[in-house]
Amino acid sequence: MSDIATIYAELSTLLPPLWENIKGFANSSFTTSLAGAFAGAFAAQRIAEKGKFREELVKEFHHTSAVISLVAAAASLALALKKQHVKALKDSYDDDLKRLEEHTQKILGREIAPDTPFEVSPNLLYLQAISPAVATIQDIVLSRLSAVGRTIPAATALANSVENLNGAISKRNELLNAFKNRQFPEGASFRHMYFGLPFGDRQTNQEYGGSVDSIYLYTNDIIFFSIKLCEDLRDHGEILKKRYKSRLRGSPPRISMVDFETPRQNGLVPKDEDYEPWLSGFVSVQEASPNRWQRLHPRTWFN
């Protein structure tokens, strides 16, 4: 008999008792209790993870709705400013420049005498700085949302636009004070400073016209970036709804909705074509479906 056969013959007598011991251990109350405890612990962990997922997701729903309301308020401030003051300021200044050019051409064409006075009624209304909650908007978007794409750049652009607008308003108010106190450079008059005409030794000062253009530009920027940010946050809310429905029962929390159709129809909203270079830098990012690991561990998927 070979060595292998001898070993097998010796072990064969031990296998039945060993198997019976194994079956007995598997069917023992200890093993059954252990398996039940393991299943219970696993179920408890799943419930805890699901509860944590719900808590974090509902919290993000609330943050998303809150920041949409804040951004919409920023847009409303800029829209009101443009409707009440900025559009009229820009239109009146452009009209003054156009009429001055026509007056000059008539003089050059000898249609009128060189000393014919040019009448102008400038819009010299002081403007107040605006103070939307851009710091809070940035804090929520950057720290409390899982949004991707252009959401963060839009929030940053909005904050920069508010700062730039207030700077332009401050500069124009300073110039208005100088006009009021007749503090002009040597050889210059109100007409030179208001229209940016040459004075003295071929000097020009176009700060006033530049401030008007800047106020108009940055007001439009606030409106544009606010609306785009609201749109992106609305889309993020739809993604949150999909996450909620994929793992939880019941209806998901509602997301704040904002409609800018009326100011758009009134010509107060700048066109997307004016911001094509900025818009072209971003592509729509689709949310990937969770894999098996992410379904079993929702915290990794949520974050």
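From a predicted model like this one, the values you see are computed outputs, not experimental measurements.

K.L.:
Hey, could you run me through the packing of helix 5 (residues 151-180) against helix 7 (residues 207-247) in this one?
P.N.:
Helix-helix packing: each pair is described by the crossing angle between the helix axes and the interaxial distance. Taken N-terminus to C-terminus, the directions of helix 5 and helix 7 make an angle of 155 degrees; their axes are 8 Å apart at the nearest point. Considering their axes alone, helix 5 and helix 7 lie roughly antiparallel with respect to each other. At the point where helix 5 passes helix 7, the crossing takes the left-handed sense. Residue classes in the contact of helix 5 with helix 7 are distributed as 19 nonpolar, seven polar and five charged.

K.L.:
How do you make sense of helix 4 (residues 134-143) when you look at a structure like this?
P.N.:
Along an α-helix, residues three or four positions apart point the same way, because every turn accommodates 3.6 residues. Regarding helix 4, the residues found buried are Val134, Ile137, Ile140 and Val141. For helix 4, the buried positions fall inside an angular range of 130 degrees around the axis, keeping them on one side. Opposite the buried face of helix 4, at more than 90 degrees from it, the exposed residues are Ala135 and Ser143.

K.L.:
When you look at the packing of helix 4 against helix 5 in this model, what are you seeing that I'm missing?
P.N.:
Look at helix 4 against helix 5: their axes get within 10 Å of each other, and the N-to-C directions meet at 165 degrees. Judged by the inter-axis angle, helix 4 sits roughly antiparallel to helix 5. The interaxial crossing formed by helix 4 with helix 5 has left-handed handedness. For the pair helix 4 and helix 5, contact is made by Val134, Ile137, Gln138, Val141 and Leu142 and by Thr151, Ile152, Ala155, Thr156, Leu158, Ala159 and Val162, respectively. Class assignment of the residues belonging to the contact of helix 4 with helix 5 gives a composition of nine nonpolar, three polar and no charged.

K.L.:
How do you make sense of the environment of Lys171 when you look at a structure like this?
P.N.:
Here Lys171 lies in helix 5. We classify Lys171 as partly exposed; its relative accessible area is 31%. On a C-alpha basis, the gap between Lys171 and Tyr208 in space is 8.3 Å, while along the polypeptide they are 37 residues apart.

Scoring rules and cut-offs
Residues numbered from 1 in each chain as written. Predicted model: local features only at pLDDT ≥ 70, side-chain atom pairs only at ≥ 80, totals over all residues. Heavy atoms only, no water. Axes fitted to C-alpha atoms, helices over the stretch in contact; angles between N-to-C directions. Helix = DSSP H or I, 4+ residues; strand = E, 2+ residues; numbered from the N terminus. Parallel < 35°, antiparallel > 145°, perpendicular 65-115°, else oblique. Left-handed = near helix turned anticlockwise from the far one by under 90°. Nonpolar A, V, L, I, M, F, W, Y, C, P; charged D, E, K, R; others polar. Buried < 20%, exposed > 50% of the residue type's maximum accessible area, 1.4 Å probe, protein only. Arc of directions from axis to C-beta. Contact = heavy atoms within 4.5 Å.

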